[in-house]
Amino acid sequence: MAFAAPKETYSGKVYSVTVGTGDKAVTFGGENVLSFHSFEGSTPNRPLIAFEIQDIPPADWPENVQKPYAAVSGDPVTWAKYCQDELNARAVALRLVGTHPDRENRSPEDAVKTVKDVLAAINIPLIILGSNHSEKDTSVLIAVAEAAKDKNCIIGKAQESNYKTIAAAAMANNHKLVAMSELDINLSKQLNILITQMGFDKERLITDPMCSALGYGLEYTYSVMERIRLAALTQNDVTMQQPMMGDVGMYVWKVKETQAAEADLPHWGSTEERGILWEAETATALLIAGAELLIMRHPRAVAAVEKVIDELV
Amino acid sequence: MLIIGEKLSIIAKRVREAMMNKDKGPIQEIATRQWKEGSGMIDANIGPAEDGGEDLMQWMVTTIQEVVPLPICLDTTNAKALEAGLKVHNNEWGRPLINSTSNDPERFPILELAAKYNSQVIGLTVGKGGLPADAEERCAIAAEIMARAMEYGVPLEDIYLDPLVLQIATSQDHATKVIDAIKMFQEMNDPAMKTVVGLSNISNGCPKHIRPILNKYYFLMLMNAGLTSAIADSHEMAEALNERQLFNDVLAGKEIGDPEKMKVIKKTIEVIMGDNLYAHSYLEM
C-alpha cells in the first residue's frame with residue numbers, strides 16, 4: 001500500500017495583516033496551518049522581513065553590523081532609501097532609540113520629523129518602534145502615529161504599562177499595533193484581550209511575545225510562539241490569532257557570540273560570519289516557531305533567511 | 001470530604017501580627033469562624049519558624065484547641081516546632097496531621113515524628129529537585145514516600161498524598177495533571193490512599209474576583225476525581241458544596257436555570273481542562 005502522509009486539519013486561522021499603502025503594501029499571516037505546512041492547508045502569504053534602521057547613528061551596534069551601512073547610517077532617510085533601493089527591502093523598521101531618556105532623549109517633535117522624512121523618502125511599508133521606555137514611548141508613539149496618519153504603518157510596542165494611549169493613537173490614525181508581553185503566554189493573551197476591549201480591531205494587532213537570541217533563551221520564545229500558534233489553530237482562540245513578530249536583530253547583536261573577536265577565541269571562527277549566522281539561525285528558528293514578521297539587521301543574514309523561506313514556501 | 005481551614009497562616013498580615021504578639025483574640029476568632037463554616041481541621045501555618053518555632057507552634061495548637069474542638073494540621077518545615085506542637089495537641093478532638101514530608105531527605109525525619117506521636121502526615125509529592133513534570137512523576141514520588149513511611153512505621157492509612165497544586169496563571173497544564181494524580185494516587189493501595197491539596201494555590205496570582213470561582217470549581221473537579229481533603233477557604237468550600245449539583249449538571253452538558261452561572265462554570269471548566277488558554281479576563285471573553 002502506498003504511504004499516505006498524515007495530515008492535520010485545524011479549526012482556526014491566523015489573521016492576515018496588510019501594512020503600507022499602494023502597490024508596495026505587503027500582507028503577511030493568513031495561514032490556517034503551522035509554519036510552512038502548505039501541504040496541509042493554506043499559506044497565502046510569505047513571512048515579512050523588515051530591515052531595522054534607527055533615528056540616530058548605530059554607534060551601539062557591533063562593528064560588523066555597522067559596516068554594511070557605514071555610508072548611509074548617519075541619516076535615517078538615506079539609510080531607509082538604501083534598504084529600499086539597494087537591498088530590495090520589502091519593509092523598513094525605524095527604531096526611535098534616540099528618544100530614550102538615557103540615550104539622546106530626543107523629543108517627540110524630533111521623532112515626528114524623522115518619521116515624516118523617512119515616509120516621504122520610501123514607498124515600502126514602515127514599522128515605527130519606540131525606544132522600549134514605557135513612559136517615553138507613550139508621548140513619542142502618539143506623536144508619530146499622528147504624523148504617519150493613514151500610511152498604514154505598524155506602531156509599537158504597546159505593553160501592559162502603556163497600551164491604552166498607544167493603542168488609542170494607533171486606532172485613531174489607522175495603523176497596525178504591536179502588543180508585547182514578556183515571555184508569558186497567558187499575559188500575552190491578556191494584553192490582546194485588554195487592547196481589543198478598548199475597541200481596537202483584533203485583526204489589526206501583531207503579537208510580540210518577546211524575542212531572545214540563540215543561546216540566550218531562544219527556546220523560551222520558541223515555546224511561547226509555538227503554544228500561541230497552537231492555541232490559534234487547534235483551539236480557534238480568537239485572542240491568539242494575530243501574526244507574531246520576532247524583534248531579532250536587537251537581541252542577537254547584543255550577545256557575546258556576535259561580537260567576541262576571533263583573535264581571542266580562534267576556535268569560534270570569523271566574528272563577522274559568526275554574527276551573520278547567529279542572526280540568521282535565530283530568525284529561522286522563530287519562523288519555524290510561527291513568526292510572520294521579523295526585524296533584522298545584517299543584509300547577509302536577511303538574504304540567508306529569505307533563501308530559507310524560498311525553499312520552504 | 002475533610003476541609004482543613006487555611007486561614008491561620010503566617011502569610012496573612014493579621015495572623016502574623018497576632019502570632020508575633022501572642023494575641024489570642026484574632027487566632028481564636030478565625031479558628032472559630034472556620035469551624036462554623038465546616039472545617040473539620042484547622043491548619044496552623046507558622047512558616048519556617050527558625051526562631052521560637054517550638055513556643056509558637058505550642059501556643060497556636062493550644063490557643064486554637066481552647067475554643068475549637070478540632071484537630072490541628074501542623075504546618076511548618078521546622079521539625080522541632082512540629083514535635084513541640086504534637087506534644088500538646090489534644091487528641092480528644094481527633095488525630096493531628098503533619099504538613100508535610102516529601103521526597104526531600106531533609107523531610108524524612110518528619111516521618112519519625114508521625115510514628116512517635118501517632119500522627120497522620122501529608123506526603124507532598126516533590127523531590128529535592130524541581131517540580132514534578134506530570135501525574136506519573138507525582139506517582140513515582142508518592143511510591144517512594146509510601147515505601148519510606150512503611151520503613152519508619154507509619155501506616156499507609158495515615159498518609160495523605162498531596163500532588164502539589166500549581167498556579168493556573170503560569171502552569172495551566174498542571175491543572176489536569178493534578179486531577180489525574182489524585183485519581184492515580186487512590187490506585188496505589190487498597191484501601192485507597194488518602195489525598196489532600198493546597199487548593200487555593202490554583203488561583204494564586206489571579207485577579208481577586210476570580211479567585212473564589214477558580215478555587216470552587218477546581219475543588220469540585222478534584223472532588224469528582226476522588227479527593228479526600230483540601231486545605232482551603234472553608235467559606236468558599238461551603239459554597240462549592242452547595243453548588244455541586246449545579247456544577248455537575250453543567251459538566252454533564254445539561255442546561256441549568258441560571259445562564260450567567262452556567263457561563264461562568266463552563267468557561268472555568270474550559271480553562272481548568274486546558275481547552276482554552278488562561279488569561280486573567282477569561283470570563284469576559
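Quick caveat: nothing in here was measured; it's all calculated off a predicted structure. (Residues numbered from 1 in each chain as written. Chains lettered and ligands numbered in written order. Predicted model: local features only at pLDDT ≥ 70, side-chain atom pairs only at ≥ 80, totals over all residues.)

Chemist: Got a minute to help me understand the overall build of chain B in this structure?
Modeler: The number of helices and strands found in chain B is eleven helices and eight strands. Relative to the compact-globule value of 19 Å for 285 residues, chain B shows a C-alpha radius of gyration of 19 Å, a close match. In terms of principal-axis extent, the alpha carbons of chain B reach across some 55 × 40 × 30 Å. Expressed as a percentage of its 285 residues, the buried residues of chain B come to 47%. Of the contacts formed within chain B by residues at least 6 apart in sequence, a portion of 67% connects residues at least 24 apart. (Helix = DSSP H or I, 4+ residues; strand = E, 2+ residues; numbered from the N terminus. Rg over C-alpha atoms; globule rule 2.2 N^0.38 Å. Buried ≥ 20, exposed ≤ 12 C-beta atoms within 10 Å, placed from the backbone. Contact = placed C-beta atoms within 7 Å.)

Chemist: Explain the overall build of chain A to me, please; I cannot follow it from the model alone.
Modeler: The secondary structure content of chain A amounts to ten helices and ten strands. Each principal axis of the C-alpha atoms in chain A carries an extent, and together these give about 65 × 55 × 35 Å. Across the 313 residues in chain A, those meeting the buried criterion constitute 51%. A fraction of 68% describes how many contacts in chain A between residues 6 or more apart in sequence connect residues 24 or more apart.

Chemist: I tried to follow the nonpolar core on my own but got confused; where do I start?
Modeler: Soluble globular proteins tend to pack their nonpolar side chains together in the buried interior. Membership of the largest hydrophobic core comes to 183 residues, with the highest contact counts inside it found for Val92(A), Leu94(A), Ala44(B) and Ala230(B). Those residues in contact with Ala44(B) that lie beyond four places of it in its chain are Leu8(B), Met57(B), Met60(B), Val61(B), Ile64(B), Ile72(B), Cys73(B), Leu74(B) and Asp75(B). (Core = buried A, V, L, I, M, F, W, Y, C linked by C-beta atoms within 7 Å.)

Chemist: Got a minute to help me understand unusual backbone geometry in this structure?
Modeler: Glycine aside, residues mostly have negative phi angles, and peptide bonds mostly take the trans form. Residue Lys157(A) follows Gly156(A) across a cis peptide bond; omega there is 5°. Within the secondary structure layout, Lys157(A) lies in strand 6 (residues 154-158). For Lys22(B), which is not glycine, the phi torsion reads 50° and is therefore positive. Topologically, Lys22(B) is positioned in the loop between helix 1 (13-21) and helix 2 (24-36). Positive phi, close to 55°, is recorded for Asn118(B), a residue that is not glycine. You can see Asn118(B) is positioned in the loop between helix 5 (109-116) and strand 5 (120-124).

Chemist: Explain the environment of Asn192(A) here, please?
Modeler: Residue and element names in this part refer to chain A. Relative to the helices and strands, Asn192 resides in helix 6 (residues 185-197). Sequence spacing of Asn192 and His267 is 75 residues, and the spatial spacing of their C-alpha atoms is 45 Å. Dropping the residues within four chain positions of it, Asn192 is found in contact with Ala179, Leu205, Thr207, Thr239 and Gln242.

Chemist: Explanation requested: helix 5 of chain B in the structure shown.
Modeler: A turn of α-helix holds 3.6 residues, and therefore any two residues three or four places apart point the same way. Residue and element names in this part refer to chain B. For helix 5, every residue scored as buried is listed here: Ile110, Leu111, Leu113 and Ala114. Here the buried residues of helix 5 occupy an arc of 155° about the axis, which is enough to place them on one side. Structurally, helix 5 contributes buried residues whose contacts are with helix 4 (79-88), strand 4 (97-101), strand 5 and helix 6 (135-152). (Arc of directions from axis to C-beta.)

Chemist: Hey, could you run me through the packing of helix 3 (residues 108-121) of chain A against helix 4 (residues 134-147) of chain A in this one?
Modeler: Residue and element names in this part refer to chain A. In the contact formed by helix 3 and helix 4, the axes pass within 9 Å of each other and the chain directions differ by 35°. Viewed along their axes, helix 3 and helix 4 form a crossing whose handedness is right-handed. On helix 4, the residues that touch Pro108, Ala111, Val112, Val115 and Lys116 of helix 3 are Ser139, Val140, Ala143, Val144 and Ala147. Of the residues in the contact of helix 3 with helix 4, the class split is eight nonpolar, one polar and one charged. (Axes fitted to C-alpha atoms, helices over the stretch in contact; angles between N-to-C directions. Left-handed = near helix turned anticlockwise from the far one by under 90°. Nonpolar A, V, L, I, M, F, W, Y, C, P; charged D, E, K, R; others polar.)

Chemist: What am I meant to see in the environment of Ala167(A) here?
Modeler: Residue and element names in this part refer to chain A. Turning to its location among the elements, Ala167 is positioned in helix 5 (residues 163-172). Along the sequence, Ala167 and Phe51 sit 116 residues apart, while their C-alpha atoms lie 24 Å from each other. Dropping the residues within four chain positions of it, Ala167 is found in contact with Ala158, Leu177, Ile195, Met198 and Phe200.

Chemist: Just checking my understanding: could you explain the pairing of strand 6 of chain A for this structure?
Modeler: Consecutive side chains of a regular strand alternate in pointing toward one face of the sheet and then the other. Residue and element names in this part refer to chain A. The buried fraction of strand 6 amounts to five of the five residues, a majority that puts the element mostly inside the structure. Of the strand pairs in this sheet, strand 5 (residues 126-129) and strand 6 are connected by three bridges, and their pairing is parallel. Each residue of the ladder has a partner; that of Ile128, found in strand 6, is Ile155. With helix 4 bridging strand 5 and its parallel neighbour strand 6, the resulting β-α-β unit is right-handed. (Pairing = 2+ DSSP bridges. Right-handed = clockwise from strand over helix to strand, strands pointing away.)

Chemist: Explain the sheet that holds strand 6 (residues 159-162) of chain B here, please?
Modeler: All names here are of chain B. Reading around the circumference, 1-2-3-4-5-6-7-8 is the order of the eight strands in this closed barrel, with parallel pairing throughout. Going from strand to strand, the sheet's axes swing by 25° on average, the running direction of each strand aside. Both strand 7 (residues 194-198) and strand 8 (residues 229-232) contribute to a ladder of three bridges, which runs parallel. For Val197, the partnering residue across the bridge sits in strand 8 and is Ala230. Its contacts with the sheet put helix 3 (residues 53-67) on strand 2 (41-45) and strand 3 (72-75), and the angle it makes with strand 2 is roughly 155°.

Chemist: Sorry, what's going on with helix 7 (residues 218-234) of chain A here?
Modeler: Residue and element names in this part refer to chain A. When the terminal C-alpha atoms of helix 7 are compared, their 24 Å separation across 17 residues agrees well with the 24 Å that a helix rising 1.5 Å per residue should span. For helix 7, the set of buried residues is Leu218, Thr221, Tyr222, Val224, Met225, Arg227, Ile228, Arg229, Ala231, Ala232 and Leu233. One or two positions beyond helix 7, positive phi appears at Asn236, with a value near 50°. (Expected span 1.5 Å × (residues − 1).)

Chemist: What should I look at first to understand the confidence of the model for chain B in this one?
Modeler: Fine structural detail should not be taken from predicted coordinates in areas where pLDDT scores are low. Averaged over all residues, the pLDDT of chain B equals 97, while 100% of them reach at least 70. Prediction confidence for the complex, expressed as pTM and ipTM, is 0.93 and 0.89 respectively. (pLDDT = per-residue confidence, 0-100.)

Chemist: Would you take a moment to explain the pairing of strand 2 of chain B for this structure?
Modeler: Residue and element names in this part refer to chain B. Within strand 2, five of the five residues are buried, leaving the element largely enclosed by the surrounding structure. Here strand 1 (residues 2-5) pairs with strand 2 via two bridges, running parallel. Bridge pairing in strand 2 links Ile4 to Met41. With respect to chirality, the unit in which strand 2 leads through helix 3 into the neighbouring parallel strand 3 is right-handed.

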